[in-house]
Amino acid sequence: MADGALSSDWAPSYAAVPRSAFLPDLMWPFDMAAGTSVAVSRTDTPRTWFEYADSDVPVVTQWDDGTHTGTAPGLVPTSSASMPSVVFRMLQDLDVQPGNRVLEIGTGTGWNAALLAHRLGAENVVTVEVDDTVARRARARLERFGFAVKVVHGDGYEGHPVTVPYDRIIATAGVRHIPFAWIEQTRPTGLIVAPWGTHHSNDDAVARLVVARDGASASGHFTGPVEFMKLRSQRLPSVVHGDYVTGGPAERVESWTGITQEAFLGGRFSPQRFALGLRVPNCHSVVAERRGGATPVWFYGLTDRSWACVLFRDGTPARVWQAGPRRLWEEAETAHRWWENEGRPGHERFGLTVTGSAQYAWLDTPDHPWEIPHPHPE
């Protein structure tokens with residue numbers, strides 16, 4: 001496990017509640033060397049199965065919302081067991097205290113709920129799972145392990161108002177909007193820990209929000225980058241390239257930029273991409289495969305058919321095309337310059353405030369927030 005992920009207060013739970021007890025016989029761990037998910041069967045290769053179960057890698061346990069069959073990976077991973085290092089970093093952020101009551105959004109295998117039950121007692125843990133099959137299997141594993149955790153089949157976006165209030169809420173699915181129901185169901189000064197991000201990319205950052213004393217809002221900093229499967233009701237709407245790039249050259253605006261690919265994209269979990277998501281609303285970006293020495297980066301508007309493409313080549317200015325009501329590259333370039341001018345802030349300098357009517361991002365302090373539009377308005 002990554003250094004510092006397992007704190008001394010969680011070490012007894014990690015030792016007493018092995019992840020292997022909550023994984024299915026057929027699973028798809030992520031092979032870091034190969035860069036892909038691989039099928040591993042406890043029946044066929046038990047030694048390999050346990051090696052992966054005990055490794056600090058994410059493990060897919062369901063594909064395609066349960067419609068997948070066979071041993072080959074499916075199209076879209078839809079349930080998993082997170083990396084243990086990520087699990088324990090988020091549990092540290094949750095800062096549970098004896099007697100706390102916790103609501104978990106996204107039961108998955110049940111391992112996270114079991115860790116909380118070991119620490120707090122099963123009677124103090126409620127977990128909600130949107131997939132009935134996943135919920136039933138997790139409930140059975142928890143009971144077999146001796147934890148009578150309340151497992152609710154339902155939409156975690158709505159929380160679980162039956163047994164409020166909670167001292168803590170933790171989400172194990174990525175969200176694009178923090179529902180106010182979670183704030184309403186958490187006691188004043190309680191904590192909400194959730195992977196949050198924008199539709200700009202699939203990346204998330206862990207938001208650690210403190211509920212205000214009057215219960216009217218929750219606010220706090222991000223603690224670091226992660227990537228989670230998204231809450232089913234908040235998945236990215238379908239973005240079809242052919243629906244955007246339809247006109248001829250006369251409908252496109254062409255220009256150049258001196259920003260380099262390295263400066264604009266950075267590496268995995270780069271803070272600049274997270275910042276772009278905060279500053280360029282309702283936009284999805286895709287980094288296409290590098291070919292012929294060039295890397296295209298596409299931008300698609302999510303409220304209209306605006307699009308942009310920047311073509312990065314080593315050692316030369318990048319060519320840009322834009323079309324539609326918005327000039328998405330100009331917005332992205334402005335956002336990138338803002339990020340540089342602010343000292344290239346990392347995830348931890350950004351924060352989030354959620355009220356009953358809106359959610360706001362901010363840098364360093366919540367004194368000068370800007371609104372993040374709801375990505376799925378009703």
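Because the structure is predicted, anything quoted here is derived from the model rather than measured. Along every chain, residues carry numbers that run from 1 in the direction the sequence is written. Under the rules for a predicted model, residues below a pLDDT of 70 receive no local features and side-chain atom pairs below 80 are neither given nor counted, while totals for whole chains, interfaces and linings still include all residues. For side-chain calculations, the full set of non-hydrogen atoms in the structure is used, while hydrogens and water are omitted.

1. Looking at the sheet that holds strand S9 (residues 166-171)
The pairing criterion for strands is at least two bridges between them, as found by DSSP. Working definition: helices are DSSP H or I runs of at least four residues, strands are E runs of at least two. Numbering for both runs from the N terminus. Here we have 10 strands laid out as an open sheet, ordered S8-S7-S6-S9-S10-S11-S12-S18-S19-S20, and mixed in their pairing. Looking at which strands have only one partner, the edges of the open sheet turn out to be strand S8 (150-153) and strand S20 (370-372). In this sheet, adjacent strand axes meet at a mean angle of 25° when their direction is disregarded. With five bridges connecting them, strand S18 (residues 350-355) and strand S19 (residues 359-363) associate as antiparallel partners. Directly across from Val354, in S19, lies its bridge partner Gln359. Angles shown run from 0 to 180 degrees and are taken between the N-to-C directions of axes, each axis being a line fitted to C-alpha atoms and, for helices, limited to the stretch in contact.

2. Some words on the sheet that holds strand S14 (residues 283-287)
Read across the open sheet, the five strands follow the order S13-S17-S16-S15-S14; overall the sheet is antiparallel. Single-partner strands in this sheet number two, and they are strand S13 (253-257) and S14. Strand-to-strand, the axes of this sheet are offset by a mean angle of 20°, without reference to chain direction. Where strand S16 (residues 307-313) meets strand S17 (residues 316-323), six bridges bridge the pair, whose relative direction is antiparallel.

3. Concerning the pattern of salt bridges
The salt bridge criterion pairs a side-chain nitrogen of Lys or Arg with a carboxyl oxygen of Asp or Glu, the two atoms within 4 Å. Inspection of the entire model under this criterion finds 19 salt bridges. Glu51 is the salt-bridge partner of Arg47, the closest N and O atoms lying 3.5 Å from each other. Here Glu51 and Arg47 lie together in helix H2 (residues 46-53), a separation of four residues that amounts to about one turn. Burial here depends on accessible area, computed with a 1.4 Å probe over protein chains only, as a share of the maximum for the residue type. Under 20% is buried, over 50% is exposed, and the range in between is partly exposed. Given a relative accessible area of 66%, Arg47 falls into the exposed group. Given the relative accessible area of 45%, Glu51 is considered partly exposed.

4. Side note on the nonpolar core
With 36 residues, the main nonpolar core has Ile178, Trp182, Trp196, Leu209, Phe222, Leu278 and Phe350 as its most contacted residues. In terms of residue count, the dominant contributor to this core is strand S11 (residues 204-211) (four residues). Here, residues are in contact when the closest pair of their heavy atoms is within 4.5 Å. Look past the residues within four positions of Trp182 in its chain and what remains in contact with it is Ile105, Gly156, Tyr157, Gly159, Ile169, Ala171, Val175, Ile192 and Ala194. If you look at the next biggest cluster of nonpolar residues, it comprises 30 residues, including Phe22, Leu94, Leu115 and Leu120. As used in this record, nonpolar core signifies buried Ala, Val, Leu, Ile, Met, Phe, Trp, Tyr and Cys residues forming a set joined through side-chain atoms within 4.5 Å.

5. Let's talk about the packing of helix H9 (residues 271-279) against helix H10 (residues 328-341)
At a minimum axis separation of 9 Å, H9 and H10 run at an interaxial angle of 120°. If you check the angle between H9 and H10, you find them oblique. The two elements H9 and H10 cross, and the hand of that crossing is right-handed. On H10, the residues that touch Pro271, Gln272, Ala275, Leu276 and Arg279 of H9 are Ala332, Ala335, His336, Trp338 and Trp339. Any angle from 65 to 115 degrees is called roughly perpendicular, while one under 35 is roughly parallel, one over 145 is roughly antiparallel, and all others are oblique. Helix crossings fall into two classes, left-handed where the near helix is turned counterclockwise from the far one by less than a right angle and right-handed where it is turned clockwise.

6. Remarks on helix H4 (residues 111-120)
Side chains of residues three or four places apart in an α-helix project in the same direction, reflecting 3.6 residues per turn. Within H4, eight of the 10 residues are buried, which leaves it mostly tucked inside the rest of the structure. Among the residues making up H4, those that are buried are Trp111, Asn112, Ala113, Ala114, Leu115, Leu116, Ala117 and Leu120. Where H4 is buried, its residues contact helix H1 (11-16), helix H3 (84-94), strand S6 (102-105), strand S7 (125-129), helix H5 (132-145) and S9.

7. Regarding the packing of aromatic side chains
Here the aromatic set is Phe, Tyr and Trp, taking the six-membered ring for Trp, and pairing holds for ring centres within 6.5 Å; pairs whose planes are under 30 degrees apart are stacked, those over 60 apart are edge-to-face, and all others are tilted. Scanning all chains against the criterion turns up 20 aromatic pairs. Note on Phe145 and Phe147: the rings are 5.6 Å apart at their centroids and 40° apart in plane angle, and the pair reads as tilted. Both rings, one in Trp298 and one in Tyr300, keep their centres 6.3 Å apart while their planes meet at 10°; by these two values the pair is stacked. The same class applies to Trp298 as to Tyr300, namely buried. Members of the aromatic cluster, each reached through a chain of ring pairs, are Trp196, Phe222, Phe274, Trp338, Phe350 and Trp370. Criterion for a charge above a ring: Arg CZ or Lys NZ at most 6 Å from the ring centre, at most 35 degrees from the ring normal. For Arg119, the ring lying beneath its charged end belongs to Trp10, and the centroid distance is 4.7 Å. Seen from the ring of Trp338, Arg279 lies directly overhead, with NZ or CZ sitting 4.0 Å from the centre.

8. Topic: the pairing of strand S1 (residues 26-31)
Where S1 and strand S3 (residues 40-41) come together, two bridges link them in antiparallel fashion. If you follow Met27 over to S3, its bridge partner there is Val40. Where S1 lies against strand S4 (residues 59-63), two bridges are found, and the strand directions are antiparallel. If you follow Pro29 over to S4, its bridge partner there is Val59.

9. Topic: the packing of H3 against H4
One can describe the packing of H3 onto H4 by two numbers: an axis separation of 12 Å at closest approach and a directional angle of 45°. The angle between the axes of H3 and H4 places the two elements in the oblique class. Seen along the crossing, H3 lies across H4 with a hand that is right-handed. Residue-level inspection shows Pro84, Val87, Phe88, Leu91 and Leu94 of H3 in contact with H4, the latter providing Trp111, Asn112, Leu115 and Leu116.

10. Quick notes on the environment of Trp307
Along the chain, Trp307 falls in strand S16. As for Trp307 and Trp111, which are separated by 196 residues in sequence, their C-alpha atoms are 42 Å apart. Other than its neighbours up to four places away in sequence, Trp307 contacts Tyr244, Val245, Arg252, Trp298, Phe299, Tyr300, Trp321, Gln322, Ala323 and Leu328. Throughout this description, a polar contact denotes any pair of N or O atoms lying within 3.5 Å of each other; where both atoms belong to protein, one of them has to be capable of donating a hydrogen while the other can accept it, and for residues adjacent in sequence the pair is counted only when both atoms sit in side chains. One polar contact links the side chain of Trp307 to the main-chain carbonyl oxygen of Tyr244, over a distance of 3.5 Å.

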